[in-house]
Amino acid sequence: MTAADIKPSTRFFGLFVGESSSGKDCAISSFPKPMLILDSDLRKGILAARKWIPEEEFKQIEIKQFPPTKNFGEFDKELLSVQSLITRGACPYKTIVINSMTSLSRIIMTDAFEFMAGNTIGPKGGYQLRLSSPGDYKFEKAAFFTVFDYLRSFPINVIIVGHTVPRYEQVGDNQYAQTVQVGTRLSLTERLANDLLLYFDEAYEFYKSSDGRNYYVAFHSQIARTCFDTLPHGRLDITNQNFYQKWLSFVNGSQPKP
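All of these numbers come straight from a predicted model, not from anything done at the bench.

## Concerning the pattern of salt bridges
Inference 1: A complete count under the given rule lists 7 salt bridges for this structure.
Inference 2: A salt bridge links Lys77 to Glu74; the shortest N-O distance between them is 3.7 Å. Placement of both Lys77 and Glu74 in helix α3 (residues 72-87) is noted, with a separation of 3 residues, approximately one turn of the helix.

Structure follows, in structure tokens:
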């Protein structure tokens, strides 16, 4: 195979990022169904899509919840179950969603606290607060890589949700230099966030207007990237629109109808 043989695929494997309530759930709900959402955020943002997703489609979105009290082993079992269905040619799902990396990190770190040695602080006989150690963060990174390696092998659409936080840099080279926001980054440790981005050719950043009435997506930004040259630059307005169909219209090389 040569580089000329590599073609973008309309089987989607990608990252949806943005602040909370920036339209990610509504965009996700437009993808092909049946859909499985592995939900560790325990929020109800997807209900906002009910007003424009047909009820028969909405009923094909299965949600399995993983609160922080569950350990990573439970999450891993679910991925193994889906992988087994795929191997047997019996997988009913067309799309699987991990919602989100931010809360999955908490589940993984709960396991790290149990399995890795570390320090605790707190009053004698009282609540002991566990302090994360370098070993915990190595455990977290290995667990995320395990999850993403599973997902990358699935022959169905895969969406992983992440949240963003401001990224700051100091302007100037003296001790009084001002710190200013220069963009956004994933809401994980900076090193892990950079490592996980390496898994994605498709990473899209979602936004909403200051009055909360309009929603946008960027395919090219500090975080966002794509290997489809037909996806537009700048922010694309996706308010009350079927994101998946709009995305397909660009990916297939034709502009969407107004």
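So much for the structure itself; the text now carries on.
## Notes on the packing of α3 against helix α5 (residues 134-152)
Inference 1: At their nearest, the axes of α3 and α5 sit 10 Å apart, and the two run at 15° to each other. Considering their axes alone, α3 and α5 lie roughly parallel with respect to each other. When you trace α3 past α5, the crossing you get is left-handed. Of α5, the residues touching α3 (which contributes Phe72, Phe75, Asp76, Leu79, Leu80 and Gln83) are Ala143, Thr146, Val147, Tyr150 and Leu151.
Inference 2: Residue classes in the contact of α3 with α5 are distributed as 8 nonpolar, 2 polar and 1 charged.

## Quick word on the nonpolar core
Inference 1: With 37 residues, the main nonpolar core has Ile96, Phe148, Leu151 and Ile160 as its most contacted residues.
Inference 2: Put simply, the parts of the chain that give this core at least two residues each are β1 (13-18), β2 (35-39), α3, β4 (95-99), α4 (101-115), α5, β7 (157-171) and α6 (190-197).
Inference 3: With 6 residues, α5 is the largest single contributor of residues to this core.
Inference 4: Not counting chain neighbours up to four residues away, the residues in contact with Ile96 comprise Leu36, Leu38, Leu79, Val82, Leu151, Phe154, Ile156, Asn157, Val158 and Ile159.

## Side note on the pairing of β7
The two faces of a sheet get side chains in turn, since along a regular strand they alternate between them.
Inference 1: Sheet analysis places β1 next to β7, joined by 6 bridges and oriented parallel. Across the sheet, Leu15 pairs through a bridge with Ile160, a residue of β7.
Inference 2: Sheet topology note: the β4/β7 ladder contains 4 bridges and is parallel. Along β7, the bridge assignment pairs Ile96 with Val158.

## Overview of the confidence of the model for the protein chain
Inference 1: Across the protein chain, pLDDT averages 84, with 84% of residues at or above 70.
Inference 2: Ranking the helices and strands of the protein chain by mean pLDDT puts strand β10 (residues 215-218) first, with 96, and strand β5 (residues 119-121) last, with 61.
Inference 3: With pLDDT under 50 throughout, residues 254-258 is counted as low confidence; its partners more than four residues away or in other chains account for 6 contacts.

## A few points about the packing of α5 against α6
Inference 1: Following both chains from N to C, one finds α5 and α6 inclined at 20°, their axes separated by 11 Å at the closest point. Considering their axes alone, α5 and α6 lie roughly parallel with respect to each other. Handedness of the α5/α6 crossing: right-handed. Here Glu140, Lys141, Phe144, Phe145 and Phe148 of α5 lie close against α6, whose contacting residues are Arg191, Leu192, Asp195 and Leu196.
Inference 2: Class assignment for the residues of the contact of α5 with α6 results in 5 nonpolar, no polar and 4 charged.

## Side note on unusual backbone geometry
Inference 1: Of the consecutive residues Lys33 and Pro34, the connecting peptide bond is found in the cis state with omega at 5°.
Inference 2: With respect to the secondary-structure elements, Pro34 resides in the loop between α1 (24-28) and β2.
Inference 3: Of note, Asn240 is a non-glycine position whose phi angle comes to about 55°, a positive value.

What counts, and where the lines are drawn
- Residues numbered from 1 in each chain as written.
- Predicted model: local features only at pLDDT ≥ 70, side-chain atom pairs only at ≥ 80, totals over all residues.
- Heavy atoms only, no water.
- Salt bridge = Lys/Arg side-chain N within 4 Å of Asp/Glu carboxyl O.
- Helix = DSSP H or I, 4+ residues; strand = E, 2+ residues; numbered from the N terminus.
- Axes fitted to C-alpha atoms, helices over the stretch in contact; angles between N-to-C directions.
- Parallel < 35°, antiparallel > 145°, perpendicular 65-115°, else oblique.
- Left-handed = near helix turned anticlockwise from the far one by under 90°.
- Contact = heavy atoms within 4.5 Å.
- Nonpolar A, V, L, I, M, F, W, Y, C, P; charged D, E, K, R; others polar.
- Core = buried A, V, L, I, M, F, W, Y, C linked by side-chain atoms within 4.5 Å.
- Buried < 20%, exposed > 50% of the residue type's maximum accessible area, 1.4 Å probe, protein only.
- Pairing = 2+ DSSP bridges.
- pLDDT = per-residue confidence, 0-100.

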